[in-house]
Amino acid sequence: MYIVLISVVIGLFVAMLFINIYFRVKVMKSYKVLVQNRVEFGASHVFSNQKMKDEILPKYPLLTDEIQTFANHLRYSIKMATVLLVLITMFGAILMYYGRG
């Protein structure tokens, strides 16, 4: 049972790590385009679609797709980082529980 649990958690961790790295690379590519075009907005715009549509997208109509892609990838990357943190915690808990044995 111990080996199966450790294998599952390690497999999930590695998979989530690669997914997270993949999306972070995508975020950095979008970020580079936005910096080159001097697009500026805050974190509140990233986490609020309505605020983004009302305040930022009208200022940069040609970069609407890039801005939305950046915000979506950034939100997804944060979700993946949260899942990674949970998996690391599970891995540590399993090691602590079965390590006493």
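Residues numbered from 1 in each chain as written. Predicted model: local features only at pLDDT ≥ 70, side-chain atom pairs only at ≥ 80, totals over all residues. Heavy atoms only, no water.

**A word on the nonpolar core**
If you look at the biggest cluster of nonpolar residues, it comprises 11 residues: Val27, Leu34, Val39, Val46, Met52, Ile56, Leu57, Leu63, Ile67, Phe70 and Ala71. Among the secondary structure elements, those contributing two or more residues to this core are α1 (2-36), α3 (49-56) and α4 (64-99). Take this core: its biggest share by element is 3 residues, from α4. Those residues in contact with Leu57, other than ones at most four positions away along the chain, are Met52, Thr64, Ile67 and Gln68. (Core = buried A, V, L, I, M, F, W, Y, C linked by side-chain atoms within 4.5 Å. Buried < 20%, exposed > 50% of the residue type's maximum accessible area, 1.4 Å probe, protein only. Helix = DSSP H or I, 4+ residues; strand = E, 2+ residues; numbered from the N terminus. Contact = heavy atoms within 4.5 Å.)

**What about the side chain of His73?**
Here His73 shows up in helix α4. Taking relative accessible area as the criterion, His73 reaches 16% and is therefore assigned buried. With near-sequence residues (within four places) excluded, His73 lies in contact with Phe23, Lys26 and Val27.

**Some thoughts on unusual backbone geometry**
Excluding glycine, residues mostly have negative phi values, and the peptide bonds linking residues are mostly trans. Here Arg38, not a glycine, exhibits a phi torsion of approximately 55 degrees, which is positive. You can see Arg38 is positioned in the loop between α1 and α2 (43-47).

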